[in-house]
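Geometric and topological summary
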Amino acid sequence: MNRIRGCVHDIRNKIALIQHVLEYSLRTQENPPEHFAMTVRRALLPVPQILNLLNEIRADVIQAEAPKEILTLKERIDRMEFHKLGLQFGLDVEVSVKANPECFVISGSAEAIRRAKDNIVENAKRAGATRIKVIYEERPLTVEVRINDNGRGMSKEELEAVGLGFSSNGGGEGTQIVRDLVAQGGGSIRWESVEGMGTSTIITLMKPTEKQLRDYLEGRVTTFRGVSAVKKLDP
């Protein structure tokens, strides 16, 4: 699994490098031949889809590696954690729960999710935010944790770069680390943003299927990896 993750990372970086070189060649030529410009644009067209696919493969590998358990949502809601982060970074914090606290979610590493929240709140502060609002919202198959800030937001180009795993300053480490941490925690992440108005970071946690929940509550399984259950061993 580590080898697959490393290969995906290397391929992704090489494709991104090729993308930057091709885009630079278009920007720096005053009057490029039309056939050259058209060829470059056609070559660039599938790049975002390829990078998204590689990001999904990487997240799937990380999730498959990470053992998961089933918790009630109230065990994952930590209002004090967000308020502590608000005090640490000088932000006003509001937490709203629009979900049944007794509903169940599949949970991976709690420490990974905590570190992801730290990064998200710190990024909001760097973007000039003065407040964040955290909303837990239940959906039929998932629970969304939406972290809204009132920072400077992102342009369409910056948002696309972040969605592909690159931070807005061109480096890939920040947002890719957050994506990996959320995957270790058993979830997925995406961003929405309006320039000048703020950014929403959305973490999605899956609910267990009826069979997964029944097996877990009846003690037939203890943890899950990927979509498969790890059988409980009798003493």
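This text goes with the structure placed above it.
Please read these numbers as outputs of a predicted model, since none were measured by experiment. (Residues numbered from 1 in each chain as written. Predicted model: local features only at pLDDT ≥ 70, side-chain atom pairs only at ≥ 80, totals over all residues. Heavy atoms only, no water.)

So, about the overall build of the protein chain. In terms of helices and strands, the protein chain carries nine helices and nine strands. Expressed as a percentage of its 235 residues, the buried residues of the protein chain come to 43%. Look at the contacts in the protein chain between residues 6 or more apart in sequence, and 71% of them connect residues 24 or more apart. (Helix = DSSP H or I, 4+ residues; strand = E, 2+ residues; numbered from the N terminus. Buried < 20%, exposed > 50% of the residue type's maximum accessible area, 1.4 Å probe, protein only. Contact = heavy atoms within 4.5 Å.)

Attention shifts here to helix α2 (residues 34-44). Those residues of α2 that fall on the buried side of the exposure criterion are Ala 37, Val 40 and Leu 44. Buried residues of α2 fall within an arc of 65° about the axis and therefore sit on the same side. Along α2, the residues that are exposed and aim more than 90 degrees away from the buried face are Glu 34, His 35, Thr 39 and Arg 42. (Arc of directions from axis to C-beta.)

Within the element layout of this structure, Asn 148 appears in strand β5 (residues 142-149). Polar side-chain contacts of Asn 148 include one of 2.6 Å to the side chain of Ser 200. Those residues in contact with Asn 148 that sit more than four places away from it in its chain are Arg 131, Ile 132, Lys 133, Ile 135, Thr 199 and Ser 200. (Polar contact = N/O pair within 3.5 Å; in protein donor to acceptor, adjacent residues only side chain to side chain.)

Going through the model one piece at a time under the given rule, you end up with 12 salt bridges. We note a salt bridge from Glu 137 to Arg 139, for which the minimum N-O separation is 4.0 Å. On the basis of relative accessibility, which here comes to 33%, the residue Arg 139 falls in the partly exposed class. Measuring nitrogen to oxygen at the nearest pair gives 3.8 Å for the salt bridge that ties Arg 190 to Glu 192. (Salt bridge = Lys/Arg side-chain N within 4 Å of Asp/Glu carboxyl O.)

This brings us to the nonpolar core. Core analysis: the biggest nonpolar cluster contains 32 residues, and Leu 73, Phe 82, Val 134 and Tyr 136 have the highest contact counts within it. Those elements giving two or more residues to this core turn out to be α5 (79-89), β2 (92-98), α6 (110-126), β4 (131-138), β5, α8 (173-184), β6 (187-194) and β7 (198-206). Top element by residues in this core is α6. It accounts for five residues. Contacts of Phe 82, omitting those with residues within four sequence positions, involve Val 93, Val 95, Lys 117, Val 121, Val 134, Tyr 136 and Ile 147. Counting five residues, the second largest nonpolar core, distinct from the first, contains Val 8, Ile 15, Val 47 and Leu 54. (Core = buried A, V, L, I, M, F, W, Y, C linked by side-chain atoms within 4.5 Å.)

Listed in full, the buried residues belonging to α5 are Glu 81, Phe 82, Leu 85, Gly 86 and Phe 89. The arc that holds every buried residue of α5, seen down its axis, measures 140°, which confines them to one face. Of the exposed residues in α5, those oriented more than 90 degrees away from the buried face are Met 80, Lys 84 and Leu 87. Residues of α5 that are buried make contact with β2, α6, β4 and β5. Remark: Gly 90 follows α5 within two positions and exhibits a positive phi of approximately 70°.

Time to look at the side chain of Glu 81. Structurally, the position occupied by Glu 81 is in helix α5. No salt bridge is formed by the buried Glu 81; the nearest opposite charge belongs to Lys 117, separated by 4.0 Å. Beyond its immediate sequence surroundings of up to four residues, Glu 81 is in contact with Arg 114 and Lys 117. (Lys, Arg positive; Asp, Glu negative; His and termini not counted.)

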